[in-house]
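The chain contents come next:
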Amino acid sequence: MLIRNISLFYGTELDYVQNASVRISGKYIEQIGTKFPPLKDESVLDGEGLLMMPGLINSHTHIGDSIAKDIGIDSDVEEKIHPIGGFKQKILKNSNKSHLTSFVKNSCISMIKKGITSFIDFREGGIEGINLLKNAASGISIRPVILGRIEYYQDSNAIKNDTPIPKSNKSDLQNLLMNCDGVGVSGPNEFSDSALRYFAKTKKIRAIHSAETEESNKISKKISGKTETQRALLAKPNFLVHMTYASKKDLVMAIRNKTSIVVCPRANGSLAEGIPDVNLMLDAGCNVAIGTDNVMINSPDIFREMDYLWKVSMGIKKKRLPAKDILKMATTNASNLLGGKVGIIQNKKIADCIFIEKHSIDLEPMHNPHASVVQRASENTIKAVMYEGKLVHGKI
């Protein structure tokens, strides 16, 4: 496939390029330039009036609770989503599996229509939960990156006594990892130092919630004398999720450990738990990505997430923040979490792309393309979505 006359966000810095030609071969971007002739039997598309950008990456979801949208809207965070006592867990355990699968599938369809071509899910329910998501996403052109979890947690006494994970649960974890892309740990307040260090030994993707609330940070210091992030880093995670109450010292430790951060601003806001300080994170040099978190409390819409984060960050800090920096969180920064093959428009990268209608009534005239996408683009401005080199939604 050869696409001519297309504008695009190119490379890791999302440089705006006008009137380019892009050749797609199989599922990869093969060539980007100005003008080159079509190959024999190559289909040629005219991209005039379109902006080609990387497919969005939703770097943190809990898609399994799609059946529970807006239940307990006024409840606090512990009542809602605590991994042991939250009513989310009761809903998941007591819902018909076919119903759960149906609503998870709907969320996958919703994301691809909104230009999300990859999402990283913290999957509860062990192997059964992993298989539920695999079944729901099958046949849908979207890339689920599944971080599984064994249903084993420790209390404060086990943390104080540094109790290791029992052999039977270690075996469960190894079996789990044979069926998914990595491990999504609920948080350091549910595990001893010994248990966290055991997670560090796993060979696949590792991620963990950290410093989501003021209360969870206080609990960590009370139990262990350390911040949540200090203890979370014992698991040697590829990325930390939330970091709403991370200190500058916590961020320096994350950088030293080459650990990225995924923020979920609308979820934190809807739980009345504060807003992550992305200005501080970016100034410190952190690699920051963005996610939408639990579907039960937040819609899986990265356009809305970017718009919200950009404006609330500038409003709170009274400091300008480049729109491109926000857009990178949903594309090129997130690419670093997934091996650098998706989320970038560049030669030899996987052709996951969104085609934005520049003449859309909400976007035209686009004087600043990065700002236009961050604060004005939506599902309605998407002309087409490409997944692994194939147009899977809309058309050019």
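Higher on the page you've got the structure.
A quick note: this is a predicted structure, and the numbers were derived from the prediction, not measured.

A. Expanded view of the packing of helix α13 (residues 302–317) against helix α16 (residues 369–376). With their axes 7 Å apart at the nearest point, α13 and α16 run at an angle of 105 degrees to one another. The angle between the axes of α13 and α16 places the two elements in the roughly perpendicular class. Residue-level inspection shows Phe303, Met306, Asp307, Trp310 and Lys311 of α13 in contact with α16, the latter providing Ala371, Val373, Val374 and Gln375. The class makeup of the residues in the contact of α13 with α16 is 6 nonpolar, 1 polar and 2 charged.

B. A look at the layout of surface pockets. Here the second largest pocket is characterised by a volume of approximately 230 Å³. Lining of the second largest pocket is provided by 13 residues; of these, Leu92, Lys93, Lys97, Glu124 and Gly125 occupy positions nearest its centre. Of all the secondary-structure elements, those providing two or more residues to the lining of the second largest pocket are α2 (87–94), α3 (97–113) and α4 (126–137). Its residues placed into classes, the lining of the second largest pocket shows 3 nonpolar, 4 polar and 6 charged.

C. The arrangement of the environment of glutamate 212 in detail. Its place among the elements puts glutamate 212 in the loop between β10 (205–210) and α8 (214–224). Separated by 11 residues in the primary sequence, glutamate 212 and lysine 201 place their C-alpha atoms 24 Å from one another. Those residues within four positions of glutamate 212 in sequence are excluded, and the remaining contacts are Val77, Ile81, Glu228, His242, Thr244, Tyr245, Asn268, Leu271, Glu273 and Asp293. Only 3.5 Å separates the side chain of glutamate 212 from the side chain of histidine 242, close enough to count as a polar contact.

D. Inspection of empty space enclosed by the protein at higher detail. Tallied over the full model, the rule gives 1 cavity of 30 Å³ or more. Its boundaries defined by the atoms lining it, the largest cavity holds a volume of some 50 Å³. In this structure, the largest cavity is lined by Arg149, Ile150, Tyr152, Tyr153, Leu173, Val183, Gly184, Val185, Ser186, Phe191 and Phe199. In terms of residue count, the dominant contributor to the lining of the largest cavity is strand β9 (residues 182–185) (3 residues). Looking at the lining of the largest cavity, its residues break down into 8 nonpolar, 2 polar and 1 charged.

Calculation rules
- Numbering of residues begins from 1 in every chain and follows the order in which that chain's sequence is written.
- Residues qualify for local features only when their pLDDT is at least 70, as the model is predicted, and side-chain atom pairs are given and counted only at 80 or more; totals for whole chains, interfaces and linings, by contrast, use all residues.
- Water and hydrogen atoms were dropped before computing side-chain values, which therefore reflect all heavy atoms in the structure.
- For every element, the axis is a line fit to its C-alpha atoms; helices are fit only across the contacting stretch, and the angle between N-to-C directions ranges from 0 to 180 degrees.
- To qualify as a helix, a DSSP run of H or I must reach at least 4 residues; to qualify as a strand, a run of E must reach at least 2; elements of each kind are numbered from the N terminus.
- Under this scheme an angle from 65 to 115 degrees is roughly perpendicular, one under 35 degrees roughly parallel, and one over 145 degrees roughly antiparallel; angles in between are oblique.
- Contact between two residues is taken to exist if any of their heavy atoms lie within 4.5 Å; hydrogens are not considered.
- We call Asp, Glu, Lys and Arg charged. Ala, Val, Leu, Ile, Met, Phe, Trp, Tyr, Cys and Pro are nonpolar, and the rest, Gly among them, are polar.
- Here a cavity means grid points, on a 1 Å grid over the protein atoms only, where a 1.4 Å probe fits yet cannot get out; a pocket means an open set of points with protein on both sides within 12 Å along at least five of seven lines; lining residues are those with an atom within 4 Å of a point.
- Grid points are joined across faces, edges and corners, and a volume is the space filled by probe spheres set on the points.
- Distance and chemistry together define a polar contact, namely a pair of N or O atoms within 3.5 Å, with one atom able to donate a hydrogen and the other to accept it when in protein, and with adjacent residues in sequence counting only for side-chain atoms on both sides.

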